[in-house]
Amino acid sequence: MNDVSQSLSDYEQAARQQETRRNWLLCTPALVVLVLAASGPLLVMLFYSFLKSGNYGGVIYEFSLDGWFNVILVRDIFDDVLRFADAHLSVFWRSIKLSAMTTITCVIIGFPTAYFIATRPRRSRNFWLFLITIPFWTNLLIRTFAILELIRNNGVINNLLMDLWLIDEPIQIMYTDTAIMIGMTYVYLPLMILPLYASMEKLDFQLVEAAYDLYATRIRVLRRVIIPLIKPGIVAGSILVFIPSLGAFVTPRVLGGGKNLMLGNLIQLQFDQGQNWPLGAALSITLLAIVMVTLLVYVRYSQRSGGQDG
Amino acid sequence: MADPVAISVNQVSKKFGHGKDAFFALEQVSVDIRENEFFTLLGPSGCGKTTLLRLIAGFEHPTTGHIQLRGEEISHLPPFKRPVNTVFQNYALFPHLTVAENIGFGLEMQDKPAAEIDSTVAEMLQLVQMESLRDRRTDQISGGQQQRVALARALAPHPRVLLLDEPLSALDYKLRKGMQIELKRMQLETGITFIFVTHDQEEALTMSDRIAVMNKGRILQIGSPTDIYDRPSHRFVADFIGDTNFLDGELIEANSEGAVVRLSSGKTVKTGPTDAAANTPVSITVRPEQAVLIEDLDAADLQGTVTNVMYSGTDSHFHIELTSKEEFVAKVQNAGPARRDWQTGQTVGIKFHSHVLQVVSD
């Protein structure tokens, strides 16, 4: 009797091991792609950031920390004094600020939109979601130029306002941080709406009724019941908007002009006109580090402030 | 001597949908619910009982008609302005709050001082015997415990009226029995008017002071459990509550004392009072346990042949085909004195006591 159960458990264990091995085998293609496509380029970047910059772009295979130095420091060409690279720091700051503002704007616009969709009858929800995804069909560059067409001095909005005699001269939106923010909000808004909708759809609206019943006004129902319960969606949407905003490249280039650089443009500049590949590589890794630290802080914070599974 | 009216529902109709799809969930419903009363809305699903409850809670607003709370019009107040709380069918506890925070939610929203919230929450935890679980999350407690928290949460703000939407339907049989007794105890202890919605007739009969039986958006009869069971006014009421027999007959005469009906057998029987006009065909209802089976066919009101005998422990059920081809079921207590050794195929007489027969309208 004991022998039988003993050998049975042996058999079970062997079967389980075999299954684990088979699962790994099944994962292999995906793992290979992941390692080659994600880690590979990253390792190349890391490697390049520790090399010397070539005269006309490219790298010289010699160890150097210049790339990393130049991320925050700059050596004055006349007196050889090290200074903080103000230009780089202001680009870092602008990138983080604009991405944060874009994320917040997306939450403010996305929340009522997602709420609207989630409260439609089940049949018509797909139609509204379909409308949200339509912009994805168009190339990012074209969408960005469409925004440009709206906000430029001779564009739709300014012309309309002037025709209505509301303003005497066009409002300068183009080539400002505001323009970048408007553009990025437009581009990344669906990435906020979709996760928000997903968590709102799961929300039990009877909880909202229960809160109304227990003397909560509309604003308090929102603050005390709806927002805490859909926090996973807010967190997911914020991450999805913040990360690509931080590295955004096309939108700031088109709408911000040459002056209002963001990190993506700065990096692109190093590989292009700047011909300083190690600096570009070091900046890329820095961007990655900023994203990771921000995410960690954000997720930790949103977990602590009451969400059960934020 | 009756208590004053807590909730007065006056000629309320509720229409859902528009145009072709429109239908009335409630039609011209009027009812007065008294203070300190355990009042039950009983009916099959889709009869409008939950709609009526939601109108009183304020989640819906009546299409026509008025709802008053202690004489004050509340039909168009939002839920958070009504001193009325609801226990939801699936409890609707806030999953992101603890047991104690759930119970204190209503008080917190009323901006009560923290000390008062704490003491009321403690009091409520004691009332529902949940003191030891105050800091648990609501998904870490059992269904029966969630039920108690939902009850405590709704009672904590001391509402004038407590609405209960089939609160026991998700519990298993034993827990349900226990909660029935507890609910009744809490109603007596708190003195709050309970309006209880259920489709379970047994639950309604055991717990209620008064019952309103609803069907298809209308209230058919309002009365005490004995009124409803012994003197059903409608065929639907008699059929929905308990088992019953219907017999065709013709009304000979009626007054405020009672009525005389001629049965299909030609015999006349006395029934309770009715509004039906004389010389019209009527249906009368009689409960299976209210018929006596006898051997003497001449003394019987009806006679027929036993077609089936079913033994069910406490009772025996005798299925009888009457001479008029109608089906009749008689129930005889096995421990009682009445004769019960009738065999299939045997001809028996059926005798009624006059006070148990009731004319019902369709």
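This write-up is about the structure you can find in this document.

**Observations concerning the pattern of salt bridges**
Applying the stated criterion across every chain yields a total of 27 salt bridges over all chains. Measuring nitrogen to oxygen at the nearest pair gives 2.2 Å for the salt bridge that ties Arg224 of chain A to Glu108 of chain B. Placement of the pair is Arg224 of chain A in helix H9 (residues 218–229) and Glu108 of chain B in helix H2 (residues 99–109), with the two residues belonging to separate chains. Between Glu60 of chain B and Arg54 of chain B there is a salt bridge, with its nearest N and O atoms 3.4 Å apart. Look at Glu60 of chain B and you get buried, because its relative accessible area is 18%. In the salt-bridge network here, residues are joined through shared partners; they are Arg148, Glu182, Arg185 and Glu189 of chain B.

**Examining the sheet that holds strand E10 (residues 218–223) of chain B**
All names here are of chain B. The strand order across the open sheet formed by six strands is E6-E7-E8-E3-E9-E10, and the pairing between neighbours is mixed. The open sheet terminates on both sides in strands that have one partner only, identified here as strand E6 (84–87) and E10. Strand-to-strand twist of the sheet, defined as the mean angle between neighbouring strand axes without regard to direction, takes the value 20 degrees. When strand E3 (residues 38–42) meets strand E8 (residues 193–198), the two strands line up parallel, connected through five bridges. Among the inter-strand pairings, Leu41 is bridged to a residue of E8, identified as Val197.

**A few points about the sheet that holds strand E20 (residues 358–360) of chain B**
Residues and elements named next belong to chain B. Reading across the sheet, the five strands line up as E13-E12-E11-E14-E20 and stay open at both edges, with antiparallel pairing between neighbours. Both outer strands of the open sheet, strand E13 (268–271) and E20, are each paired with one neighbouring strand and no more. Across the sheet, the mean angle from the axis of one strand to that of its neighbour is 50 degrees, orientation sign disregarded. As paired strands, strand E11 (residues 245–254) and strand E14 (residues 281–286) are joined by six bridges and run antiparallel to one another. Residue pairing in the sheet places Gly249 in a bridge with Val282 of E14.

**Some points on the nonpolar core**
The nonpolar side chains of a soluble globular protein tend to be buried, and buried together. Counting residues in each nonpolar core, the largest one holds 70 residues, and the members touching the most others are Ile7, Phe94, Phe105 and Ile195 of chain B. Element by element, the count of residues in this core is highest for helix H7 (residues 177–202) of chain A, at eleven residues. Not counting residues up to four positions away in its chain, the partners in contact with Phe105 of chain B are Ala211, Leu214, Ala216, Arg224 and Val225 of chain A together with Phe94 and Leu97 of chain B. Formed by 35 residues, the second largest nonpolar core is a distinct cluster that contains Leu125, Ile141, Leu151 and Ala156 of chain B.

What counts, and where the lines are drawn
Residues numbered from 1 in each chain as written. Chains lettered and ligands numbered in written order. Predicted model: local features only at pLDDT ≥ 70, side-chain atom pairs only at ≥ 80, totals over all residues. Heavy atoms only, no water. Salt bridge = Lys/Arg side-chain N within 4 Å of Asp/Glu carboxyl O. Helix = DSSP H or I, 4+ residues; strand = E, 2+ residues; numbered from the N terminus. Buried < 20%, exposed > 50% of the residue type's maximum accessible area, 1.4 Å probe, protein only. Pairing = 2+ DSSP bridges. Axes fitted to C-alpha atoms, helices over the stretch in contact; angles between N-to-C directions. Core = buried A, V, L, I, M, F, W, Y, C linked by side-chain atoms within 4.5 Å. Contact = heavy atoms within 4.5 Å.

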